[in-house]
Amino acid sequence: MSAQTSRGRLVLILVVILAIVLAAWGIFQRNMNYGHLARETTENALPQVQVITAQPGPDHMNLDLPANISAWYLAPIYAQVSGYVKMWYKDIGAHVKTGDVLAEIDTPGLDAQYAAAKANLDVAVARYKLAQITSKRWKALEGTQAVSQQEVDVQAANAEAEKAQVEAARHEMERYQALEGFKKIVAPFDGVVTARLADVGDYVNAGRGDVGARGNATELFSVADIHAMRIFVSVPQDYAYIISPALTATLSVPQFPGRTFKARYVATAAAFNPNTRTVNTELMVDNPLGELWPDSFATAHFEAPGDANILILPQGALIFRAEGMQVAVVDPTDHVHLVPVKVGTVLGTTVQVLAGVNRSDRIINNPSAGLLDGDKVRIVPGTRGYNMPSTPPKKPVAPSQNDDVRAMPMDNSAPAAETSDHE
């Protein structure tokens, strides 16, 4: 009986000990889970940020700007006399030389006025001859009792007046003679006919061109000299420093994919447009084959000098508040400090930072609006293809123990206008 009692006590003690161990293990496991949960909760409560470092600027920058192509000379041709188009001889696309006849105008009214002017000149000449003969006869009688001196002077003055009438009639006739020359519409220079708005039978008005059915006045022809083309580019104020007589550019046009045309500097307006803050700059490109056409759209590719000593950052890293332009820098304890910076030229998606940050600073990319100075943050890896390279470098270098592997270099997958080879 005593043996069974001892055995029962032993079993009971073992059960109690097992229960105590299980309870202790449960309490320990619960405390571990609670601590882990508390740590995760604390970490998740911290703002998650991605950090980058400022990169050196490019040695040179490629700048692409829209451009307009214009003819070297472009002349809209209007009629100088009124009448009806008798015939046109050059159509659009025709290559013409200086003085080539483009069209003729039938002007019966002008012809009649010209004939009248010639007749008036003949009458004036006849009167002048008669006045001369009369003046000579009276001059021969001067000093005799037959005529008075007054009558001699009157006849001499009458001859001079008739001479003036001849000059006036001659100028009138020459004026109509010049207008007769405008019956032929001629090319003012060598070029190409780019527009023909006159047709046989159209009525044209002097100085106002072709008058349509609704009274609209247009030019009869347009002639363009395309041996060279003028290129007009609106250069932003930030890049005005590249404008100089040494400026060159290459042009690309949609109709010739893969081809470029070399352009050189001609002039600049030397004043900014107050609406766009751009300066109109004129270039020229030779066009011996006539491949470039007036009023075409082109893209001008400039290469501007850069400064590798000036750091650049993505525009998304900038914070603009009442205190001015700032960036959020993370210190070694993962606390945020809002640092004022001075920005320079905007390079597309990146911007030059002239002062305020160093190459070693860890800068928050795309900081949230609610981020405050002194906040503790949790740094997380970047997003591949967004703010870190899509593919790893060919020759990765193992970071040293002193390197902070959480600071990512700025994404260099920006357009060519904002990067350089050494980046």
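Residues numbered from 1 in each chain as written. Predicted model: local features only at pLDDT ≥ 70, side-chain atom pairs only at ≥ 80, totals over all residues. Heavy atoms only, no water.

### Thoughts on the side chain of Gln55
At step 1: One can find Gln55 in strand S3 (residues 55-56).
At step 2: There is a polar contact of 3.2 Å between the side chain of Gln55 and the side chain of Thr53. (Helix = DSSP H or I, 4+ residues; strand = E, 2+ residues; numbered from the N terminus. Polar contact = N/O pair within 3.5 Å; in protein donor to acceptor, adjacent residues only side chain to side chain.)

### A few points about the packing of aromatic side chains
At step 1: If you walk through the whole model with that rule in mind, you get 4 aromatic pairs.
At step 2: Over the face of the ring belonging to Trp88 we find Arg196, whose NZ or CZ atom lies 3.9 Å from the ring centre.
At step 3: Sitting above the plane of the Trp72 ring, Arg230 keeps its charged end 3.7 Å from the centroid. (Phe/Tyr/Trp six-rings, centres within 6.5 Å; stacked < 30°, edge-to-face > 60°. Lys NZ or Arg CZ within 6 Å of the ring centre and 35° of its normal.)

### Quick word on the environment of Ser70
At step 1: Relative to the assigned elements, Ser70 resides in strand S4 (residues 60-77).
At step 2: With 162 residues separating them in the primary sequence, Ser70 and Phe232 have C-alpha atoms 7.8 Å apart.
At step 3: Contacts of Ser70, omitting those with residues within four sequence positions, involve Met229, Arg230, Phe232 and Asp295. (Contact = heavy atoms within 4.5 Å.)

### Brief notes about the pattern of salt bridges
At step 1: By the definition in use, this model includes 9 salt bridges.
At step 2: With a closest N to O distance of 2.9 Å, Asp91 and Arg196 form a salt bridge. Residue Asp91 is located in the loop between strand S5 (83-88) and strand S6 (95-96), and its partner Arg196 is located in strand S9 (residues 191-196); the two are separated by 105 residues in the primary sequence.
At step 3: Look at Asp91 and you get partly exposed, because its relative accessible area is 32%. (Salt bridge = Lys/Arg side-chain N within 4 Å of Asp/Glu carboxyl O. Buried < 20%, exposed > 50% of the residue type's maximum accessible area, 1.4 Å probe, protein only.)

### Describing the nonpolar core
Generally speaking, a soluble globular protein has its nonpolar side chains buried in company with each other.
At step 1: Counting residues in each nonpolar core, the largest one holds 32 residues, and the members touching the most others are Ile231, Val233, Leu283, Val285 and Phe302.
At step 2: For this core, the secondary-structure elements that each account for two or more residues are S4, strand S13 (221-236), strand S14 (248-252), strand S15 (261-272), strand S16 (278-286) and strand S17 (296-305).
At step 3: In this structure, Ala103, Ile105, Ala198 and Phe221 belong to the second largest nonpolar core, which totals 29 residues. (Core = buried A, V, L, I, M, F, W, Y, C linked by side-chain atoms within 4.5 Å.)

### Some details on the confidence of the model for the protein
Any residue range with low pLDDT should be treated as having predicted coordinates unsuitable for detailed reading.
At step 1: The pLDDT averaged across the protein works out to 81; a share of 84% of its residues lies at or above 70.
At step 2: Here residues 395-408 is modelled with pLDDT under 50, and outside its nearest four sequence neighbours on either side it reaches 17 contacts, counting other chains as well.
At step 3: For residues 411-423, every residue scores under 50 in pLDDT, and the model assigns this stretch 33 contacts once sequence neighbours within four places are set aside. (pLDDT = per-residue confidence, 0-100.)

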